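Summary of the model geometry
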Amino acid sequence: MSHLIQVFEYEKLKANDVAFFPDETVGKKVIDKLWQYNDSHNNIYFDAIRNGVKFKQYVGVIQIGNITIEILPKSDKHKSTKADKKTWHDVLLKMLVKCKKIRVDSVSEATLRKRFHSLLDLYFELYLQEVNYLLEQGLIKKYHKQSGNLKILKGRLEFSKNVQHNLVHKERFYTSHQVYDINHNINQILYKGLIVLKSITNNNALTDKINRTLSRFPQVDNKSINKTHFDSLVANRKTTLYQEAIKIAKMIILNYSPDIKGGNEHMIALLFDMNKLWEEYVYRMLVKHQNKNLKVNFQNSNKFWENTRIKPDIVLTKTHEDGVKETFVIDTKWKVLDAANPKPSDNDLKQMFAYNLYWDANKSMLLYPHTSNIDENFGKYWKGRANPLDNQCKVGFINVLDENNQLNFEIGENIIKKLINCQ
């Protein structure tokens, strides 16, 4: 029976915490798997603590055997409730949708809440939808190289292998030749995604759907798939319909860890850096307000020193009626500042100083998710410009949630007011 654990970023998960693991033996196995997984990824996802882990800024879902751990974002330090977990589960899902990490066009919001046990189940369900759609359309054929023993000479004779395999059977030829069929890398990737799904899902309804999809899938080689297989794919007109399925297959296959260092539980983890997710979400909300007089650019870069470059998150360019252009820089920060002293770090302020100079911006803003703080006034840098009013930076806060406790889709307008239309 599957078991769902929901935690927030920067929270601790301990094997002996009965709120998460009624059986400490199970808890120790899970924590051991998390340690091993983290070790194999340069310890970027969480910190190892005594008898447990402390999560970092990565959010998403981890499945170990029948245990599913959902790591949720949260923009305040208030004590968490069950209602908070539901709210931030929905926020994470909607952020992933808006940032195009997942496409749920054919799945209604009400359906999502009723049908899916975790974010992982949602990805699996959408993958099955995409693969079944491709099967209905008919899988594409491609030319690909095939080697083997034939009774006729076809293609190019492989001399060394022909001698090795056919010293006795003179009537055979070991050749390499071109074949035009469905047994090529793209379809092999789709098939491998289904095989991985079948081995890890704990959802009986999904298992049934996977089996039915596999029964419809034409025979292709069950190859071991790695990153190089995805890197070698070339998009063209014929593969346009495959893009979403390949994107999800890549997430599933490359994040699947079969039987890490012993044990029976396979593991899969789909984790997202919340700093980058927040940055992209802010950008996409600003792009909605882009017009001929306001341009929004994402992750510009500029030469800084020798071979190093600097790259602000977002650059806004406003063209006034007289044709004069004004530039503004935004750097997003997914962290909670001290409510009593909401001051940014010296490093962040120095970074914004450099952005102002390199992008010729008079004003910039460090943008944080809303807590109980209100915006700071623009502060002046005393060097770099003849007039300090031409070189300013402020700390801004934006509500992640709207008045209905849902993800705020109007933050773009709010940010423009704070930075460009402010007095």
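Residues numbered from 1 in each chain as written. Predicted model: local features only at pLDDT ≥ 70, side-chain atom pairs only at ≥ 80, totals over all residues. Heavy atoms only, no water.

1. Here we look at the overall build of the protein chain
As a reminder of what qualifies: The numbering of helices and of strands both runs from the N terminus, where a helix is a DSSP run of H or I of at least 4 residues and a strand a run of E of at least 2. Any two residues whose heavy atoms approach within 4.5 Å at even a single point are treated as in contact.
Assigned secondary structure in the protein chain consists of 12 helices and 19 strands. Residue pairs at least 24 apart in sequence account for 64% of intrachain contacts in the protein chain once pairs closer than 6 positions are excluded.

2. Considerations on helix α6 (residues 185–200)
To keep it simple, the criterion reads: Expected span of a helix: the number of residues minus one, times 1.5 Å. Only protein chains enter the area calculation, which uses a 1.4 Å probe; residues under 20% of their type maximum are buried, those over 50% are exposed, and those in between are partly exposed.
Given a rise of 1.5 Å per residue, 16 residues ought to cover 22 Å, and the 23 Å separating the end C-alpha atoms of α6 matches this to within 8%. Taken together, the buried positions of α6 are I186, N187, Q188, I189, L190, Y191, G193, L194, V196, L197 and I200.

3. Some details on the pattern of salt bridges
Let me state the cut-off plainly: One side-chain nitrogen of Lys or Arg within 4 Å of one carboxyl oxygen of Asp or Glu is enough to make a salt bridge.
A complete count under the given rule lists 14 salt bridges for this structure. Of the charged contacts, one joins K101 and E280 as a salt bridge, the two residues approaching to 3.4 Å between their closest N and O atoms. Of the two residues, K101 sits in the loop between α2 (82–98) and α3 (109–115) while E280 sits in helix α10 (residues 274–287), which places them 179 residues apart along the sequence. Judged by its relative accessible area of 12%, E280 falls in the buried class. With its nearest N and O atoms 3.6 Å apart, the salt bridge here joins D348 to K335. Here K335 lies in the loop between β16 (325–332) and α11 (346–358) and D348 lies in helix α11, a separation of 13 residues in the sequence. Among the residues examined, D348 registers a relative accessible area of 8% and is labelled buried. Take K335: its relative accessible area is 39%, and that puts it in the partly exposed class. Salt bridges sharing common partners tie together D331, K333, K335 and D348.

4. Brief notes about the packing of α2 against helix α4 (residues 119–137)
Pairs of packed helices are described in terms of their axes, by the angle between the two and the distance that separates them. Stated formally: Every axis corresponds to a line fitted to the C-alpha atoms, with the helix fit spanning only the stretch in contact, and the corresponding angles, defined between N-to-C directions, vary from 0 to 180 degrees. Helix crossings get a hand from a simple test, with the near helix turned counterclockwise from the far one by less than a right angle marking a left-handed crossing and a clockwise turn marking a right-handed one. When residue character is reported, Ala, Val, Leu, Ile, Met, Phe, Trp, Tyr, Cys and Pro are called nonpolar, Asp, Glu, Lys and Arg charged, and the others, Gly included, polar.
Where α2 contacts α4, the axes come no closer than 11 Å and their chain directions differ by 35 degrees. Classified by chirality, the crossing of α4 by α2 is right-handed. Side by side, α2 and α4 meet where H89, L92, L93 and L96 of the first sit next to L119, L122 and Y123 of the second. Broken down by class, the residue content of the contact of α2 with α4 amounts to six nonpolar, one polar and no charged.

5. A few points about the packing of α4 against helix α9 (residues 243–254)
Convention followed: Every angle not falling under 35 degrees, over 145, or within 65 to 115 is termed oblique; those three ranges are roughly parallel, roughly antiparallel and roughly perpendicular.
At a closest axis distance of 9 Å, the pairing of α4 and α9 adopts a crossing angle of 140 degrees. The angle between α4 and α9 places the two elements in the oblique class. Where α4 crosses over α9, the handedness of that crossing is left-handed. When α4 is examined against α9, the residues Y123, F124, L126, Y127, E130 and L134 are found in contact with a partner set consisting of E244, A245, I248, A249, M251 and I252. Tallied by class, the residues present in the contact of α4 with α9 amount to 10 nonpolar, no polar and two charged.

6. Some points on a positive patch on the surface
Inclusion rule: Patch rule: a residue counts if its relative accessible area is over 30% and it has no salt bridge; like charges are joined within 9 Å, and nonpolar side chains (Val, Leu, Ile, Met, Phe, Trp, Tyr) within 5 Å. Surface accessibility in these figures is a Shrake-Rupley result with a 1.4 Å probe; residues are shielded only by whichever protein chains are displayed. In this tally Asp and Glu are treated as negative and Lys and Arg as positive; neither His nor the chain ends contributes. Where a charge lies is defined by one atom per residue type: Lys uses NZ, Arg uses CZ, Asp uses CG and Glu uses CD.
Where like charges cluster on the molecular surface, the positive patch consists of K12, K14, R50 and K54. For K12, the location among the structural elements is in strand β2 (residues 12–14). Judged by its relative accessible area of 48%, K12 falls in the partly exposed class.

7. Observations concerning the environment of Q146
Considering the arrangement of structural elements, one finds Q146 in strand β7 (residues 142–150). Assessed through its relative accessible area of 33%, Q146 is described here as partly exposed. Considered as a pair, Q146 and S176 are 30 residues apart in the sequence and their alpha carbons are 5.6 Å apart.

8. Remarks on the packing of aromatic side chains
Let me state the cut-off plainly: Two aromatic rings from Phe, Tyr or Trp, using only the six-membered ring of Trp, form a pair when their centres are within 6.5 Å; if the ring planes differ by under 30 degrees the pair is stacked, by over 60 it is edge-to-face, and anything between is tilted.
Under the counting rule described, the total for this entry stands at 10 aromatic pairs. Seen from their ring centres, F304 and Y358 are 5.6 Å apart, and the 55 degrees between their planes marks the pair as tilted. Highlighted residues: F304 in strand β13 (residues 302–305) and Y358 in helix α11, separated in sequence by 54 residues. Arranged with centres 5.9 Å apart and planes meeting at 35 degrees, the rings of Y368 and F397 form a pair that is tilted. In this pair, Y368 sits in strand β17 (residues 363–369) while F397 sits in strand β19 (residues 392–398), placing the two residues 29 residues apart along the sequence. Given the relative accessible area of 0%, Y368 is considered buried.

9. A short note on unusual backbone geometry
Outside of glycine, negative phi angles account for most residues, and trans bonds account for most peptide bonds. A positive phi is found at K100, a non-glycine position, where the angle reads about 60 degrees. In this fold, K100 is placed in the loop between α2 and α3. Positive phi is not limited to glycine here, since N405 has a value of about 65 degrees. Considering the arrangement of structural elements, one finds N405 in the loop between β19 and α12 (411–419).

10. What about the sheet that holds β2?
What counts is decided by this rule: Two strands form a pair only when DSSP identifies at least two bridges running between them.
The sheet built from three strands is open, its strands ordered β2-β4-β3 with antiparallel pairing. Of all strands in the sheet, those with a lone pairing partner are β2 and β3 (46–49), marking the two edges. Strand-to-strand, the axes of this sheet are offset by a mean angle of 20 degrees, without reference to chain direction. Relative to strand β4 (residues 52–55), β2 is paired through three bridges, and the arrangement is antiparallel. By the bridge assignment, K12 is partnered in β4 with K54.

11. Details of the nonpolar core
Just so we agree on the cut-off: Working definition of a nonpolar core: buried Ala, Val, Leu, Ile, Met, Phe, Trp, Tyr and Cys residues. They are joined through side-chain atoms within 4.5 Å.
In this structure, M95, Y127, F217, W278, L286, L316 and I415 are the most contacted members of the largest nonpolar core, which totals 80 residues. If you tally residues by element for this core, the top one is α4, at 11 residues. Apart from residues lying up to four places away in sequence, Y127 is in contact with I189, L190, G193, L194, L197, A245, I248, A249 and I252. Residues I31, Y45, I64 and A269 belong to the second largest nonpolar core, which totals 23 residues.

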